[in-house]
Amino acid sequence: MKAIPMFDYLAQYRMLAPQIDEAIHRVLKSGRLILGPEVEAFEDEFSEFLGGSGFSIGVGNGTDAVAIALRALEVGPEDEVVTVSNTAVPTVSAIREAGATPVFCDVDERTGLMDLDLLDSCLTQRTKAVVAVHLFGNVVDIPRLRTIISGRDVAVVEDCAQAHGAMLNGVMAGTMGDVGAFSFYPTKNLGAYGDGGMCFTKDRGLAGRIRSIRMYGFEGQHYSVREGVNSRLDELQAAVLRVKLQHLPEYIQRRRAIAERYDTLLGGVVTPVVPGPGVLHAYHLYVVRTAQREKLRAALKESGVGSAVHYPYAIHRMEAYCFLGYGEGALPVTEKLAGEILSLPMYPELSFEDVSFVCEAVRCVLD
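Since we're looking at a predicted model, the values are computed, not measured.

Quick look at the nonpolar core
Next, step 1: Residues F42, F46, L145 and Y262 are the most contacted members of the largest nonpolar core, which totals 92 residues.
Next, step 2: Looking at which element gives the most residues to this core, the answer is helix α12 (residues 352-366), with seven residues.
Next, step 3: Those residues in contact with F42 that sit more than four places away from it in its chain are F184, L190, M198, L233, A238, L241, R242 and L245.

As structure tokens, this is what we get:
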């Protein structure tokens, strides 16, 4: 039986193995394993990828990237941070790690992104930041968001864990807010072979605070000027990411071509989660909606096709976050999407033949 997984890192590794192996051996022979030349080079190269103006600071993972960004922006206890509930738990756990209280804004049904028409109603005197989640490779309209919060002392952190290479009106995701927070978890558009993350900012002073916080609050050797953490991108992961970054534009183009093929073959059968206006989607995930999700998932599994749900539980309805006081129905669109969304296989090495096979399997159930 044909097997088409949701994600297959081995397919990419087989194509890049000589370069990846050389990079790993280069690090092992160097004697430098933490915050060395590979991290510095990758930080510079990632800034260049984002447009060439600003500062990239490697951290331990994407969750830390959000939490450290908030701490550098002086978000803490007694502060509120507005975000969405249809995201990965790490977005919210990072807000809690910074000591703040999450406030949830409902989302737009077509895009799955924060509904900016509702944002103003979520803002209070305690609001210190908004964490805008660029879900699935889509992009929140950050310029409009900033207009809504204009005149308030509210920072914007872009959660770009799924949006490497996505653009809004020609501007890279992660460069429009105060800080862009990226994850390099292995399944991401730019994935390491372990954990890794990055903060990006155009503010030199903010970049300095982020660098300090990621390593115990040090400024100078062994002297802490602020409370910090241990969250450092290591040399091995940076070396691997430097190799893969060279290929990222072509990988994203391939994802867009696969998504276009899905759109064509599945038109009228399922409802796609669509890009926002002016968005050049990065298609970390290809997500559709159907009221028959569980029936479809079972049939796809029977056909050897992988699928996933990102995310089956809205965070405000999870036991861990019931203390926030959101009851059933508090975020109706978020809750509706949680029951309908389904991610189909999406990775650059996926062949058009396999896409056609997946679409045929979907049509057999829903046509």
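On we go.
Considering the pattern of salt bridges
Next, step 1: Scanning the entire structure with this criterion turns up 14 salt bridges.
Next, step 2: The salt bridge partner of R126 is E80, with a shortest N-O separation of 3.6 Å. On the criterion of sequence distance, the pair formed by R126 in the loop between α5 (119-122) and β4 (127-133) and E80 in strand β2 (residues 80-83) is long-range, its members being 46 residues apart.
Next, step 3: On the accessibility criterion, R126 (38% relative accessible area) is partly exposed.
Next, step 4: Classification of E80 as buried rests on a relative accessible area of 11%.

Notes on a nonpolar patch on the surface
Next, step 1: Residues L28, L33 and I34 make up a contiguous nonpolar surface patch of roughly 280 Å² in combined accessible area.
Next, step 2: Secondary-structure assignment places I34 in the loop between α1 (9-30) and α2 (37-49).
Next, step 3: Judged by relative accessible area, which is 40%, I34 ranks as partly exposed.

Describing the pairing of β4
Next, step 1: Among the seven residues of β4, six are classified as buried, and the element is accordingly described as predominantly covered.
Next, step 2: Examined bridge by bridge, β2 and β4 share three bridges and lie parallel to one another. Each residue of the ladder has a partner; that of E80, found in β4, is T127.
Next, step 3: Two strands pair when backbone bridges link them, and β4 and strand β5 (residues 155-159) are joined in this way by five bridges, in the parallel orientation. Note on β5: the bridge partner recorded for V130 is V156.
Next, step 4: Once the chain exits β4 it traverses helix α6 (residues 142-148) before rejoining the sheet at β5, and the crossover so formed is right-handed.

Notes on the packing of aromatic side chains
Next, step 1: For the structure on display, the rule yields 12 aromatic pairs.
Next, step 2: Measuring from centroid to centroid gives 5.5 Å for F42 and F184, while their planes differ by 65 degrees, and the two rings are edge-to-face. Here F42, found in helix α2, pairs with F184, found in the loop between β8 (179-183) and β9 (197-201); they are 142 residues apart in sequence, far enough to count as distant.
Next, step 3: Looking at F42, the relative accessible area reads 0%, which means it is buried.
Next, step 4: Seen in terms of ring centroids, F46 and F182 are 5.0 Å apart; in terms of plane orientation they differ by 85 degrees. Their pairing is edge-to-face. Of this pair, F46 sits in helix α2 while F182 sits in strand β8, and the two are 136 residues apart along the sequence. For the pair F46 and F182, one class covers both residues: buried.
Next, step 5: Feature note: the residues F42, F46, F49, F182 and F184 constitute an aromatic cluster, connected by ring pairs.
Next, step 6: Sitting over the face of the ring of F352, R254 holds its NZ or CZ atom 4.2 Å from the ring centroid.
Next, step 7: Above the ring of F352, the side-chain terminus of R261 is found at 4.0 Å from the ring centroid.

So, how was this worked out
Residues numbered from 1 in each chain as written. Predicted model: local features only at pLDDT ≥ 70, side-chain atom pairs only at ≥ 80, totals over all residues. Heavy atoms only, no water. Core = buried A, V, L, I, M, F, W, Y, C linked by side-chain atoms within 4.5 Å. Buried < 20%, exposed > 50% of the residue type's maximum accessible area, 1.4 Å probe, protein only. Helix = DSSP H or I, 4+ residues; strand = E, 2+ residues; numbered from the N terminus. Contact = heavy atoms within 4.5 Å. Salt bridge = Lys/Arg side-chain N within 4 Å of Asp/Glu carboxyl O. Patch = residues over 30% accessible without salt bridge, like charges linked within 9 Å, V, L, I, M, F, W, Y side chains within 5 Å. Areas by Shrake-Rupley, 256 points an atom, 1.4 Å probe, with all protein chains shown as cover. Pairing = 2+ DSSP bridges. Right-handed = clockwise from strand over helix to strand, strands pointing away. Phe/Tyr/Trp six-rings, centres within 6.5 Å; stacked < 30°, edge-to-face > 60°. Lys NZ or Arg CZ within 6 Å of the ring centre and 35° of its normal.

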